[in-house]
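# Topology and contacts: notes
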Amino acid sequence: MKVVSVVGNRPQFIKAAPLAAALAAVADHVLVHTGQHYDAELSQIFFDELGLAPPDHEIEAGSGSHAGQTAAMLTGLEPVLTAERPDVVLVYGDTNSTLAGALVAAKLRLRLGHVESGLRSFDRAMPEEVNRVVADVVSDLRFCPSETAVRNLTAEGITDGVHLVGDVMVDVARTFAPAARRSDVLERLDLEPGGYALVTVHRQSNTSPEAMPALVAVLEAIDRPAVFPIHPRTRGALEAAGLLGRAEAAATLTPPLGYLEFTALLLSAAVCLTDSGGVQKEAYLHRVPCITLRDTSEWVETIELGWNRLTGGLDATAAAVALAGLVRPDAHPPLYGDGDASARIAEVVAAAPLASWPP
Ligand code: UD1
Ligand code: UDP
């Protein structure tokens, strides 16, 4: 059996790492990198740290408008998937790389699996919502991380090929938390365990130059030291708005970090302020209260349990209120599985029929 994984962004390298290990036992696993993320700190570092083999194919789509970037991936992926003739194609999450991989596989009539299927923010203004809805519709195997995700698919009439397997990021967190704990990043950044806030911001709606005064106001509203590993897009917007200096005065800005250093910072943070999907979930896994700088979340269970609060976007007043009322609820059920999601996905993939060519 041959399985092709299409990846291109930071969180996808992280999600593919445990799956590559699990799939090695049942299939020839081919990794295709779309090139959506290309800076070493958004790409290569995850291959180095998490033991992911180098990509077999690199599309080098790079940055661009949604249409331009997705088009470059589509035209790059089609000949690769045609030549590889996989039995199953896997796409991950909700980025433009997910969308491109899903569309090419579906048009070639290849069996398609969507890892992290069924998540919804119900906000079509988010490019990620469009990507995940399309990927779910055209998939054959839908690997859901949570019961909520299964319910979302059911509500859309999607019940075939739905597998509740848990979240592969739990697998990664369990495997790599011990190595993260050995990191010296707190000492290097002069941070006290439990004494600081960890911030990440990269979402399209929060990274226009016009949004930067509100971002700086949020940083200035944080009532303790703050560390902010900053995405290049966000740094660029702060520079364009002439507000990088004020951001640097309010928080310790670092380049994007590798998974181990970032996880080390998360494990010892008093609170996390983020607009990331994956970081909300990891904050829950590591029992760190989270303040989500958005008006919606796909990880609604963390909000219902009180571990996560929405501010309605980059709203300094709402962030200050949330910081003043931080809680660590007693209830902490295993919402996203037990760390065996990759093994369960590999089991389902291995049971899929082999493709006949031409399909
Ligand atoms: C993308 C995904 C988002 C995901 C995130 C994970 C889409 C639409 N967005 O957002 O869902 O949460 O990845 O981190 O797919 N840039 C660099 N170096 C790089 C890559 C990007 O400097 O290696 C800069 C470029 O100026 C680029 C901008 O960041 O235009 C945005 O990159 P892009 O990949 O389009 O979106 P992300 O914000 O990274
Ligand atoms: N992450 C990282 N370094 C950072 C910021 C985040 O390794 O500087 C990891 C984080 O632990 C999580 C993933 O990147 O596993 C989340 O990716 P991101 O926030 O870029 O995307 P999203 O999850 O929102 O799609």
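That block above? That's the structure.
Description of the structure in this document. Since we're looking at a predicted model, the values are computed, not measured.

Thresholds applied
- Residues numbered from 1 in each chain as written.
- Chains lettered and ligands numbered in written order.
- Predicted model: local features only at pLDDT ≥ 70, side-chain atom pairs only at ≥ 80, totals over all residues.
- Heavy atoms only, no water.
- Buried < 20%, exposed > 50% of the residue type's maximum accessible area, 1.4 Å probe, protein only.
- Helix = DSSP H or I, 4+ residues; strand = E, 2+ residues; numbered from the N terminus.
- Pairing = 2+ DSSP bridges.
- Axes fitted to C-alpha atoms, helices over the stretch in contact; angles between N-to-C directions.
- Near = heavy atom within 4 Å.
- Polar contact = N/O pair within 3.5 Å; in protein donor to acceptor, adjacent residues only side chain to side chain.
- Areas by Shrake-Rupley, 256 points an atom, 1.4 Å probe, with all protein chains shown as cover.
- Nonpolar A, V, L, I, M, F, W, Y, C, P; charged D, E, K, R; others polar.

### A closer look at unusual backbone geometry
- A positive phi angle, near 60 degrees, is found at Arg109, a position not held by glycine.
- A relative accessible area of 63% places Arg109 in the exposed class.
- A positive phi angle, close to 60 degrees, is found at Asp190, a residue other than glycine.
- Following the sequence through the fold, Asp190 ends up in the loop between helix H8 (185-188) and strand S8 (197-200).
- Judged by relative accessible area, which is 70%, Asp190 ranks as exposed.

### Topic: the sheet that holds strand S13 (residues 308-310)
- On the basis of which strands lie adjacent, the open sheet formed by six strands has the order S10-S9-S8-S11-S12-S13 and parallel pairing. Both edges of this open sheet fall to strand S10 (252-254) and S13, since each of them pairs with a single strand only. Averaged over all pairs of adjacent strands, the angle between strand axes in this sheet comes to 20 degrees, irrespective of strand direction.
- When S8 meets strand S11 (residues 271-274), the two strands line up parallel, connected through four bridges.

### Some remarks on the site of ligand 2
- Within the structure, ligand 2 sits among 17 residues, and Arg203, Leu257, Ser276, Gly278 and Glu282 are positioned closest to it.
- Within the side chain of Arg10, one N or O atom sits 2.9 Å away from an oxygen atom of ligand 2.
- Here Glu282 contributes a side-chain N or O atom positioned 2.6 Å from an oxygen atom of ligand 2.
- In the complex, the protein chains occlude 96% of the 540 Å² of accessible area that ligand 2 would expose alone.
- Mapped onto the shell around ligand 2, the elements with two or more residues apiece are helix H1 (10-23), helix H12 (259-267) and helix H13 (277-285).
- Classifying every residue of the shell around ligand 2 gives nine nonpolar, five polar and three charged.

### Structural notes on H13
- Where burial is concerned, most of H13 is hidden: eight out of the nine residues are buried.
- Inspection of H13 places Gly277, Gly278, Val279, Gln280, Lys281, Glu282, Ala283 and Tyr284 among the buried residues, and these make up the whole buried set.
- Put simply, Ser276 is the residue that caps the front of H13, since its side-chain oxygen is 3.2 Å from the backbone nitrogen of Gly278.
- Phi turns positive one or two residues past the end of H13, at Arg287, with a value near 60 degrees.

Worth remembering: the numbers are spatial, not functional.
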